[in-house]
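# Understanding the architecture of this molecule
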Amino acid sequence: MTFDRRLRIAPSILSADFADFGREIRATEDQGADWVHVDVMDGHFVPNLTFGPPAVKAFRRHVTTFMDVHLMIAPVDPFIEAYAEAGADMITVHVEAGPHIHRTLQAIRATGRMAGVALNPGTPAEAVEHVLDLCDMVLVMSVNPGFGGQKFIHSQIAKIERLRAMIGDRPIHIQVDGGVDPDTAPLVVRAGADVLVAGSAVFRGGSADTPEVYGRNMRAIREAVAAA
Ligand code: DX5
Ligand code: ZN
């Protein structure tokens, strides 16, 4: 069975209404989201603070597609079990979050969840070369992590190309996260990405009361990729 590299859009709920996550999650999925991207931040590894395991467990009740949990926390090992228990389908950890990424990825796999590894803009693709066979996904940060609505960092396109070459035909997704919109999406897909995280580009101008705006924003990304 060939690996499914079809384009997937994963809205980041960091850009959603923080007083209405259940409706926001259901609205994006109703409007065509493939995954739900949950940005976990600890105020230490990144200068922002978001969701603990109880919040993620609550989100899980509303997610019917795939809950893609992005852990921007350090140390990360003590929390893997808790986010797996909370219902994450994919747990992505930063290679920069600790000294033992090989063991961390083994720990995620031991929970039965899919394992992702994330690279900050300053980290070379080679940093994950020796753990690719423990990964279901590599996340390339195209902004410095911590906030939505930042400007896409174009130097990351060469890293995506490098990763695509390193991965070859192994069943490993490449996810790009940060500043993805109809202008940048074609660039990263052409470079080899198949999962696009988008926060501000999906949620901007809409609300859970006007979910058709989310659908329009996601279609604009898909159409831009298809037209490129
Ligand atoms: C940033 C997060 C991203 C962010 C994306 O640290 O990991 O997922 O929410 O937001 P946009 O798409 O607005 O850059
Ligand atoms: Zn993210």
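On a predicted model such as this, the values are computed, not experimentally measured, just so you know.

## Some details on the coordination of the zinc ion (ligand 2)
Coordination of the zinc ion (ligand 2) by the protein involves His 37 (NE2), Asp 39 (OD), His 70 (ND1) and Asp 177 (OD), with metal-donor separations of 2.1 to 2.3 Å. Its 6 donor atoms give the zinc ion (ligand 2) angles of 72 to 175° at the centre, a pattern that matches the octahedral case. Donor residues for the zinc ion (ligand 2), ordered by position in the chain, follow H-x1-D-x30-H-x106-D. Residue His 70 is located in strand E3 (residues 67-72), and its partner Asp 177 is located in strand E7 (residues 173-177); the two are separated by 107 residues in the primary sequence. Given the relative accessible area of 0%, His 70 is considered buried.

## Thoughts on the site of ligand 1
Around ligand 1 there are 20 residues in total, and Gly 146, Gly 149, Asp 177, Gly 199 and Ser 200 lie nearest to it. Between ligand 1 and Asp 39 there is a distance of 2.8 Å, counted from an oxygen atom to a side-chain nitrogen or oxygen. Between ligand 1 and His 70 there is a distance of 3.2 Å, counted from an oxygen atom to a side-chain nitrogen or oxygen. Contact with the protein chains covers 100% of the free accessible surface of ligand 1, which is 380 Å². Contributions of two or more residues to the shell around ligand 1 are made by strand E2 (36-41), E3 and strand E8 (195-198). Sort the elements by how many residues they give to the shell around ligand 1 and E2 lands first, with 3 residues. Of the residues that constitute the shell around ligand 1, the class distribution is 8 nonpolar, 10 polar and 2 charged.

## Some remarks on the sheet that holds E2
Sheet strands pair via backbone hydrogen bonds, and the direction of the pair is either parallel or antiparallel. Across the sheet, 8 strands lie side by side as E1-E8-E7-E6-E5-E4-E3-E2; this open sheet has parallel pairing. Of all strands in the sheet, those bounded by a partner on one side alone are strand E1 (8-11) and E2. Taken over all neighbouring pairs, the strand axes of this sheet differ in orientation by 25° on average, direction set aside. As paired elements, E7 and E8 share 3 bridges and run parallel to each other. Following the sheet pairing, Val 176 is matched in E8 by Leu 196. Taken strand by strand, helix H2 (residues 53-60) contacts E2 and E3, and its axis lies near 165° from that of E3. Docked against the sheet, helix H5 (residues 156-167) engages strand E5 (114-119), strand E6 (137-141) and E7, running at close to 165° with respect to E6.

## Regarding unusual backbone geometry
A cis amide bond links Ala 74 to the next residue, Pro 75, at an omega of -5°. Here Pro 75 shows up in the loop between E3 and helix H3 (80-85).

## So, the environment of Gly 52
With respect to the helices and strands, Gly 52 occurs in the loop between E2 and H2. Along the chain, Gly 52 and Val 176 lie 124 residues apart, while their C-alpha atoms are 23 Å from each other.

## Observations regarding H5
Compared with the 16 Å implied by 1.5 Å per residue over 12 residues, the 16 Å span of H5 between its first and last C-alpha is a close match. For H5, the complete set of buried residues consists of Gln 156, Ile 157, Lys 159, Ile 160, Leu 163, Met 166 and Ile 167. Residue Gly 168 follows H5 closely and has a positive phi angle near 60°.

## As for the packing of aromatic side chains
Tallied over the entire structure, the rule returns 7 aromatic pairs. Ring centres 5.0 Å apart and planes at 90° place the aromatic pair Phe 51 and Phe 59 in the edge-to-face group. Plain terms: the ring middles of Phe 203 and Tyr 214 are 5.0 Å apart, the flat faces sit at 70° to each other, and that makes the pair edge-to-face. Of this pair, Phe 203 sits in helix H7 (residues 200-203) while Tyr 214 sits in helix H8 (residues 212-227), placing them 11 residues apart in sequence.

Each value, and the rule that gives it
Residues numbered from 1 in each chain as written. Chains lettered and ligands numbered in written order. Predicted model: local features only at pLDDT ≥ 70, side-chain atom pairs only at ≥ 80, totals over all residues. Heavy atoms only, no water. Donors = N, O, S within 2.8 Å, 3.2 Å for Na, K, Ca; no water. Tetrahedral: all angles 85-135°; square planar, octahedral: opposite > 155°, others 65-115°. Helix = DSSP H or I, 4+ residues; strand = E, 2+ residues; numbered from the N terminus. Buried < 20%, exposed > 50% of the residue type's maximum accessible area, 1.4 Å probe, protein only. Near = heavy atom within 4 Å. Polar contact = N/O pair within 3.5 Å; in protein donor to acceptor, adjacent residues only side chain to side chain. Areas by Shrake-Rupley, 256 points an atom, 1.4 Å probe, with all protein chains shown as cover. Nonpolar A, V, L, I, M, F, W, Y, C, P; charged D, E, K, R; others polar. Pairing = 2+ DSSP bridges. Axes fitted to C-alpha atoms, helices over the stretch in contact; angles between N-to-C directions. Contact = heavy atoms within 4.5 Å. Expected span 1.5 Å × (residues − 1). Phe/Tyr/Trp six-rings, centres within 6.5 Å; stacked < 30°, edge-to-face > 60°.

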